[in-house]
Every structure is written in C-alpha cells, then in structure tokens.
Amino acid sequence: EPEVTQTPSHQVTQMGQEVILRCVPISNHLYFYWYRQILGQKVEFLVSFYNNEISEKSEIFDDQFSVERPDGSNFTLKIRSTKLEDSAMYFCASSADGTNTEAFFGQGTRLTVV
Amino acid sequence: AQSVAQPEDQVNVAEGNPLTVKCTYSVSGNPYLFWYVQYPNRGLQFLLKYITGDNLVKGSYGFEAEFNKSQTSFHLKKPSALVSDSALYFCAVRDSVYGQNFVFGPGTRLSVLP
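Described below are features of the structure shown in this document. (Residues numbered from 1 in each chain as written. Chains lettered and ligands numbered in written order. Predicted model: local features only at pLDDT ≥ 70, side-chain atom pairs only at ≥ 80, totals over all residues. Heavy atoms only, no water.)

## What to know about the nonpolar core
How we decide: By nonpolar core we mean a set of buried residues, namely Ala, Val, Leu, Ile, Met, Phe, Trp, Tyr and Cys, connected to one another through side-chain atoms within 4.5 Å. Note on classification: 1.4 Å probe, protein chains only; a residue is buried when its accessible area is under 20% of the maximum for its type, exposed when over 50%, partly exposed between these limits. For helices the rule is a DSSP run of H or I covering at least 4 residues; for strands it is a run of E covering at least 2, with both sets numbered from the N terminus onward.
One finds Trp35(B), Leu47(B), Leu48(B), Phe74(B), Leu76(B) and Tyr89(B) to be the most contacted residues of the largest nonpolar core, which totals 28 residues. When contributions to this core are tallied by element, the ones reaching two or more residues are strand S2 (10-14), strand S3 (19-21), strand S5 (31-38), strand S6 (44-50), strand S8 (64-68), strand S9 (73-78), strand S10 (87-95) and strand S12 (108-113) of chain B. Ranked by residue count, the leading element in this core is S10(B), at four residues. By size, the runner-up hydrophobic cluster in this structure holds 22 residues, among which are Cys23(A), Val47(A), Ile79(A) and Cys92(A).

Next up, the structure:
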C-alpha cells in the first residue's frame, strides 16, 4: 500500500537554527499539506501546496516557514530560525484531489527545539 | 470558515459495549467529512469519510459514522468496542466551496476498559 514517508523521525535543534523537514508524498497525489501537533493535542493546519505553489496557509505559517517541492517527489518544510514554541510533531500529508478524497498522513517528524 | 467541534475530550466505555464519539461541524458549502485515528507516537490513520449519498458510512475496523445534515453532525460509532480501539480520534471537514484544507476537531481520547 502506498504511503507518505517523512524524515527524520526525530530532529533536535538549537534555537535560532534552521531545520528542513522532508516528506515523500504518495506518487500520484496532487495536493500536499503540512500540519503540526503540539503534545498530542490539536492538529493544526500550516500550509497546502498544489501545482508547485502554496494554495492556502494559516496564520501560523509566517515568514520563518517555507515549503518547496524541489525535485517532483520530495516536499519539504523549512523553518528558518527555530523558536522554542516550534517544538511539535510535524505531519506531512497528501491527497489525490482538493475536494472529496481523504488525505494520507506520514508518521511525523518530532521537532525539539532546545 | 470551516470549523469542527468534538464536545468530549474523553470517552470511556467498557469492552463489548457500543461506543459513540461525537462531532459537529460548520461549513459554507457542502461538507466532506472524515474520521481519523491516532495511536501513540503515530501518524493519523484514515477511518472513513462521508462525501454524498447514504448517511451511514462504514469504514475500517468495524467503525461507522452517521451524517446528519439538520444537526450538522457526523458521530463515529462502533457496536462493540475493543480494548485495542483505545486511541485519539479526530473528526475533520473539508468545504466543497473553499475546499482543499482539512480542518480538524480538537480530538477525543477514547479509552476502552477491559
């Protein structure tokens, strides 16, 4: 069964450093997403990406965040200057279309900012 | 804007008893509704969805959900709970008008007691 894969599973970084979280969505999917979850609580939307551009973003997704699909398979989330409050579980997801199909989620990257 | 409410933080049921996890939603257009389950330190797994048609939808692991348009609800049910069903359950909605982004409820922790 196809799946979304994320690397690394756990990333520890110092405050102020840049991190890149990587995702390989399901190959025939067209829509890609990043969500985050703090301490097993609410799943918060960050950004959606379609046709090589951001289609929607939340207020969380400020100038320190960026996304990229550099090579047609990987989908990355960059956090430019990490803060303590960026510590969370980050989930990548993909869906076949933008309306009535479900999203498939990766296993997540646990980001710890120290 | 879309929103999802899950009025119960925690639901406790005895093994073998029926379970219900509640969800209500608000959208501008027609709702596309989803249930996901999250086990500890794992990603979100898709359980079932309602797009159109029969109000009762069946999904994985014996779960089903009933769409009620007048009450704007999409409650998750299972006739006989298992201890292994203990997990965090999230309801999510997509709006047929504004689409794309999945908006998640705050989650309900289900504990099935042996």
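## Quick notes on the interface of chain B and chain A
Definition in use: Here, two residues are considered to be in contact whenever any of their heavy atoms come within 4.5 Å of each other. Once two parts are put together, the accessible area they lose, assessed with a 1.4 Å probe and summed over both, is termed the buried area. What counts as a salt bridge is simple: a side-chain nitrogen of Lys or Arg found within 4 Å of a carboxyl oxygen of Asp or Glu. Counting of polar contacts relies on pairs of N or O atoms within 3.5 Å, with two restrictions inside protein: one atom must be capable of donating a hydrogen and the other of accepting it, and residues adjacent in sequence are counted only when both atoms are side-chain atoms. Charged means Asp, Glu, Lys or Arg here, nonpolar means Ala, Val, Leu, Ile, Met, Phe, Trp, Tyr, Cys or Pro, and polar covers whatever is left, Gly included.
With 22 residues of chain B at the interface, the matching set in chain A holds 25 residues. Taken together, the two surfaces of chain B and chain A that pack against each other cover about 1900 Å², and 50% of this comes from carbon and sulfur. The largest per-residue losses of area from chain B upon contact with chain A belong to Gln100(B), Asn101(B) and Phe104(B), which jointly make up 28% of the total buried on that side. At the junction of chain B with chain A, the criterion picks out two salt bridges. Ionic pairing is found between Lys49(B) and Glu102(A), a salt bridge with its closest N-O pair at 2.8 Å. Here chain B is connected to chain A by eleven residue pairs in polar contact (both at pLDDT 80 or more). When residues of the side of chain B that touches chain A are traced back to their parent elements, those giving at least two are S5, S6 and S10 of chain B. For the side of chain B that touches chain A, the element with the highest residue contribution is S5(B), accounting for four residues. In terms of residue class, the side of chain B that touches chain A is made up of eleven nonpolar, seven polar and four charged.

## Re the side chain of Arg36(A)
Here Arg36(A) shows up in strand S4 (residues 31-37). The contact partners of Arg36(A), leaving out residues within four places of it in the chain, are Lys42(A), Val43(A), Glu44(A), Leu46(A), Ile60(A), Phe65(A), Glu85(A), Asp86(A), Ala88(A), Met89(A) and Tyr90(A).

Distances and angles like these do not, on their own, reveal function.
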